[in-house]
Amino acid sequence: MRAASLGATRTHPICTRKDLVTMETNQTQERVEIPTSGTPDERAALLAAQLTIEEKAQQLVGIMPMGLVGPHGIVPAAVEQALGGGIGQVSGIGMFGAQSAPQVAASVNALQRYLVENTRAGIPAIFHNEALNGVVAPGFTSFPTAIALAATWNPDAVEEMAELIRRQMRSVGLTQALSPVLDVARDARWGRVHETYGEDPYLASAFGVAFIRGLQGPDLTDGVIATGKHFLGYAVTEAGQNMAGTAVTRRELREVYARPFEAAIRLAGLASVMNSYSTIDGVPVAASPEILRRLLRDDLGFTGSVVSDYMTTQMLVERNEVAEDKVEAAALALAAGLDVELPNPYAYGPVLAGAVRDGRIAESLLDEAVHRALRDKFALGLFEHPYASEDPIEITEVAGRGGELAASLAVESVTMLKNDGVLPLSAATRRIAVLGPHAESAYTSFAAYTQPAGIELMKVMMSGGMGNMAGVEAPTDVPEDVAAEAAEAMAAFQSIDLEQVVRGAYGAQSITDALRDALPAAEIASVVTPLRDEDWDPAEALRVAADADVVVLALGGRSSWLAGAVGGTEGEGVDTADIDLPAIQVRLAQEAARLGKPVIAVVQMGRPYALSSIEGSVSAIVTAYFGGPEQGRALASVIAGAANPSGKLPFTMPRTTGQVPIYAGQHRGTGYRRGDGDMHKGYQDHPATPLYAFGHGLSYTTFEYGAIDLADAAVTTSGSISATISITNTGGVAGDEVVQAYVADRARGVTRPAQQLVGFTRVALAAGESKRVTVDFDLSQLAYIGIDDDGFVFEPGAIEVAFGAASDDLRQSARVEITGPTVRIGADRSFLARVSVE
């Protein structure tokens, strides 16, 4: 194409290469001219018109960086072989290694410079990172994991966190985050609950929107693309197993599980979506136009790009067995609307290019996907600013920001489930015994999708575990000196002590160490006990407990990144049929309780555990949700009384595994939402109610809720409800209360949830202080699919608005009459309430 037809352009130089990605004979070495004016869509169309089929196909794949960058910079032969024809994305750079933040930036710039200066098209790559709770690379601040963030009920703080993550990612050239996880998690058997914002679609929507707004910023030229995942229904699978078939009705899929995604799209401009591994109605999502086109794009209004979860296209052939070969997998995925294949080329890239050349896949499908991939790069400003700063002082300073925010989020997440009066500990407490599997570990406070967990995962892979993921093997076909350096680096990597890493690089403490700092006058002894069942003699632990005034049990789970990591009880691919605490931990709690001492159970969990087996034996229960480097100090500050617990459960905690799934939004007539007159109510062997309900969490003070003041006692179906309540701290210490507003509604011919969360806010109150909280929400926020199955509606009738401290602790309620005709709700549907405090 001639420059005259492009308008303003920028030309990239090229240089000679030996081992290029195979190109067809019609490719030339004519320089591609980069459009410099117009919208991202216009510029993408002009650029795509100049690319060969092979170059376009390369824009739809990622590449793992292992073997491309060595201790002394890029490995030329490997880079030319992998990147000679360009690349769409570089997958997970910095996530699995031991580089410093400045080294990450240098690696990004080295690869980016090769793409910009040494390929015909000169198209920069998007470098992505997980960033679920911080940049997954050395030197960056690690925040509490997503379920801990949800327990704060403080989306404003999470938006602030995401804004910082945006600046940190941009500082080293990372421009797409494979976060947030917008799955609604209602099955405690599923191992990935801790990556989510919990069981409630409103709560997940509020946090998802906050995270995306902070991460993408007001303009992507200074932002980072957020990737909502896993679309759709990934957390509601058969038997709670990861990647199993989605087991939910179409109505619930749309009303509940699609809601956080639609809120993110319409309120925050979500720029990217990642597919679910699961099948819906027998069709893998990656091969489903019904899900990725008609639902995501036509119904939810999504205009961004769809990236594959890692190895998705390969699974179409080898796991789901719905495609005969790579070409058929590419045809299915591209037709479904999957734009970019991650982490490495399998069915896209050269395979896709060949299939288009041969006429087996329409070039129009390739063009559609590459347009979105290029548009994203123009929107990010990568053509104008492809490189990150390499100032090590600046990068290190930015990477280290956010420590105080991480600490406050960790404290706000701590949730006190039970307290018989033992907490906070008295200053007169002299001897404390800390017992349990997590008594001396700081590392176990880090969840999967953090840098320390990434190192653990890579160590497993390098030693032969889970060796099926391409791109993690040692580089081949490289000079002997490069191979020797790589082997030496791998040996050093295997020797990394993760406990030392988190204590040294992150300043993390175990709960025992943190209690020693918080209670310097106390004598604190600890005994580490097994995590899971094995032969164990409790004599030493019980001897230490017998000498103590108070026993603190450090119990619960351990997160791992995929099943290959050692010792995990939850995480990706770490699902369990039994959600009780391991029997050895139950035994420890029960035997410690028989000593007659106050026993405080600190339960580390990223998903609900059934705690009935210890609940009656202990004096207090406090939760920790993989709070990261500040978890030990946060727990100690609550136990010692320096901080008042204010976290609230983001999920429902059952009494026993047999109740799963159990959640606050269960419909009338089902689950534990059965009326008093129901002839079939509950179980023969257990109550049907939760052990601890959604939104539950105790404080060291008390709060009184005043009567509800309604702006109008009757509103029309197209109107809104405004309800105000006063809240007073009636105790003797300052504290935060999370005020929760719920609605109970009924519909003609369709059962509705017995209660729906419609708004919430965190309120800080000094002792004796009062404030007024107003929740104002449009009735379209309550819309549902009517009995005619023809879209969302809202109907007239009476609804109940209630305020309280938890879903089972509603203090005040008021009735509102809804009048007027049934209204149909479209794209202007409301998702979040307007909440004010004065």
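Scroll up for the structure.
Draft legend 1. Structural context of unusual backbone geometry. Omega for the bond connecting F231 with L232 falls within 30 degrees of zero, at 15°, which places this linkage in the cis form. A cis amide bond, omega -5°, links L423 with the succeeding residue P424. If you trace the backbone, P424 turns up in the loop between β14 (415-419) and β15 (431-436). A positive phi angle, near 70°, is found at M311, a position not held by glycine. Counting through the fold element by element, M311 comes out in the loop between β13 (305-307) and α11 (312-318). Phi is positive for D789, which is not a glycine, with a value near 60°. Note that D789 resides in the loop between β29 (784-785) and β30 (792-794).

Draft legend 2. Structural view of the pattern of salt bridges. Following the criterion strictly, the structure yields 44 salt bridges and no others. The partner of K418 in a salt bridge is E615, with the nearest N and O atoms 3.9 Å apart. A residue pair is termed long-range when its members are at least 10 positions apart, and K418 in strand β14 and E615 in helix α23 (residues 612-615) qualify at 197 residues. For K418, a relative accessible area of 12% gives the class buried. Two residues, E591 and R587, come together in a salt bridge whose shortest N-O distance is 3.0 Å. In this pair, E591 and R587 both sit in helix α22 (residues 583-593), four residues apart, roughly one turn of the helix. What makes R587 partly exposed here is its relative accessible area of 35%. Taken together, the salt bridges that share partners define one network made up of R293, R297, D339, E368 and R372.

Draft legend 3. Looking closely at the side chain of H230. Looking at the element boundaries, H230 is found in strand β9 (residues 225-231). Classification of H230 by relative accessible area gives buried; the value is 0%. A distance of 2.8 Å separates polar atoms of two side chains, one belonging to H230 and the other to D183. Discounting chain neighbours no more than four positions away, the residues touching H230 are V181, D183, R192, F261, M274, N275, S276 and D309.

Draft legend 4. Examining the packing of aromatic side chains more closely. Enumeration according to the criterion identifies 11 aromatic pairs in this entry. With centroids separated by 5.4 Å and ring planes inclined at 65°, the aromatic side chains of F446 and Y506 adopt a geometry described as edge-to-face. On the criterion of sequence distance, the pair formed by F446 in the loop between β15 and α17 (451-462) and Y506 in the loop between α19 (498-504) and α20 (511-518) is long-range, its members being 60 residues apart. Across this residue pair, the class does not change: F446 and Y506 are buried. Here a set of aromatic residues connected by ring pairs shows up, and it is made of W153, Y202, F694 and F760. The ring of Y449 is capped by K229, whose NZ or CZ atom sits 5.4 Å from the centre of that ring. Positioned over the ring face of F792 is R829, at 4.2 Å from the centre of the ring.

What counts as what
Residues numbered from 1 in each chain as written. Predicted model: local features only at pLDDT ≥ 70, side-chain atom pairs only at ≥ 80, totals over all residues. Heavy atoms only, no water. Helix = DSSP H or I, 4+ residues; strand = E, 2+ residues; numbered from the N terminus. Salt bridge = Lys/Arg side-chain N within 4 Å of Asp/Glu carboxyl O. Buried < 20%, exposed > 50% of the residue type's maximum accessible area, 1.4 Å probe, protein only. Polar contact = N/O pair within 3.5 Å; in protein donor to acceptor, adjacent residues only side chain to side chain. Contact = heavy atoms within 4.5 Å. Phe/Tyr/Trp six-rings, centres within 6.5 Å; stacked < 30°, edge-to-face > 60°. Lys NZ or Arg CZ within 6 Å of the ring centre and 35° of its normal.

Taken by themselves, the reported measurements are silent on function.
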